[in-house]
Amino acid sequence: MSPVPRREMLRTGAAVAAGAGLAGAAPNAAASARAAAYSASTATSAGASARRRGGPLRVHTVLYDGVEEQDFAGHIEVFGIVGAELAAQSFVSVDGPRTVTTATGMEIVCRTPWSPRSADLILVPGGGYGAGSGLQREVRRGVLPRALAAARRPGLVLGAVCSGTMLLSAAGLTAGRPCTTHHIAVADLKAQGGRVVGGRVVDDGDLVTCGGVTSGIDLGLWLVERFFGPETAVFAEEVLEYERRGTVWHA
């Protein structure tokens with residue numbers, strides 16, 4: 001039997017349990033069976049929440065040239081574990097469908113047009129910081145900050161990972177609001193009016209931000225807990241073999 005990708009484990013726990021039997025270790029098989037039962041119960045609960053919203057949570061991750069891979073990989077993986085029936089993910093670019101080149105030269109195709117009215121959650125990853133960074137280029141160009149400012153509406157949650165918060169700041173979305181970013185950009189975020197608070201993840205309702213780099217995993221797990229319940233978030237942690245770090249500050 002082929003190994004099951006970890007993002008499928010939540011929805012195919014039974015297959016994982018069957019696969020574990022190949023190892024011939026009863027404790028592992030028993031643990032997998034418990035995980036299968038657990039995943040079924042959490043998926044049912046989360047599915048009920050999704051139906052109340054009228055469909056899956058629509059998650060748009062904004063990419064641009066020079067974006068940092070880890071800044072978007074964390075929450076992408078977390079929502080991938082939840083599955084497309086509950087969280088429908090898309091890569092988007094403010095310049096429309098195109099190929100984006102990341103900070104390390106990877107090429108990623110954004111097929112979904114910029115359509116913030118088709119999103120429930122828009123997440124903006126960072127792209128380094130300082131002179132020559134992808135983030136600085138986007139701030140100076142101004143197109144993405146203007147698009148983010150125009151996207152704001154009731155029912156839409158805007159979020160950012162790491163220095164991505166500075167794009168929300170450039171859009172005027174963090175002024176006077178509790179927020180956070182990578183430590184190297186904290187002084188600038190404060191100077192631009194953000195109310196920086198001491199949390200690894202800061203949730204102020206329709207504005208959710210997190211600290212540097214790996215905190216994107218914590219952001220993803222918190223958002224899964226917020227939208228689908230703590231059981232689903234705990235299961236995602238177990239699949240990732242990751243223990244959440246730091247404080248989640250929320251209003």
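K.L.:
Provide a residue-level description of the packing of helix α8 (residues 215-228) against helix α9 (residues 230-240), including the pertinent values.
P.N.:
Relative placement of two packed helices is described by the angle separating their axes and the distance separating the axes. The geometry of α8 relative to α9 is characterised by a closest axis approach of 7 Å and an angle of 150 degrees between their N-to-C directions. Accordingly, the angle class assigned to the pair α8 and α9 is roughly antiparallel. Across the interface between the two elements, Ile217, Leu221, Val224, Glu225 and Phe228 from α8 touch Pro230, Thr232, Ala233, Ala236, Glu237 and Leu240 from α9. A breakdown of the residues in the contact of α8 with α9 according to their chemical character gives 8 nonpolar, 1 polar and 2 charged.

K.L.:
Before we move on, can you summarise the side chain of Thr180 with the specific residues and values?
P.N.:
Secondary-structure assignment places Thr180 in the loop between β7 (178-179) and α7 (186-191). For Thr180, a relative accessible area of 6% corresponds to the buried category. Every residue in contact with Thr180, bar those within four places of it in the chain, is listed here: Thr165, Leu189, Val197, Gly199, Arg200, Val202, Thr209, Cys210 and Gly211.

K.L.:
Quick rundown of the pattern of salt bridges? Include the residues and the values.
P.N.:
Applying the stated criterion to the full structure yields 12 salt bridges. With a shortest N-O distance of 2.6 Å, Asp204 and Arg177 are connected by a salt bridge. Highlighted residues: Asp204 in the loop between β9 (201-203) and β10 (207-210) and Arg177 in the loop between α6 (165-170) and β7, separated in sequence by 27 residues. Like Asp204, the residue Arg177 is buried in the burial classification.

K.L.:
Lay out helix α3 (residues 69-82) with the relevant residues and their values.
P.N.:
Across its 14 residues, α3 extends 20 Å between first and last C-alpha, which sits within 8% of the 20 Å expected from 1.5 Å per residue. Burial analysis of α3 places 12 of its 14 residues in the buried class, the great majority of the element. When α3 is considered as a whole, its buried residues turn out to be Glu69, Asp71, Phe72, Gly74, His75, Ile76, Glu77, Val78, Phe79, Gly80, Ile81 and Val82. At its buried positions, α3 is contacted by β1 (57-62), β2 (87-92), β4 (107-110), β5 (121-124), α8 and α9. Of the residues trailing α3, Gly83 is marked for its positive phi of about 100 degrees.

Reading guide: rules and limits
- Residues numbered from 1 in each chain as written.
- Predicted model: local features only at pLDDT ≥ 70, side-chain atom pairs only at ≥ 80, totals over all residues.
- Heavy atoms only, no water.
- Axes fitted to C-alpha atoms, helices over the stretch in contact; angles between N-to-C directions.
- Helix = DSSP H or I, 4+ residues; strand = E, 2+ residues; numbered from the N terminus.
- Parallel < 35°, antiparallel > 145°, perpendicular 65-115°, else oblique.
- Contact = heavy atoms within 4.5 Å.
- Nonpolar A, V, L, I, M, F, W, Y, C, P; charged D, E, K, R; others polar.
- Buried < 20%, exposed > 50% of the residue type's maximum accessible area, 1.4 Å probe, protein only.
- Salt bridge = Lys/Arg side-chain N within 4 Å of Asp/Glu carboxyl O.
- Expected span 1.5 Å × (residues − 1).

Shape is all these values report; function is a separate question.
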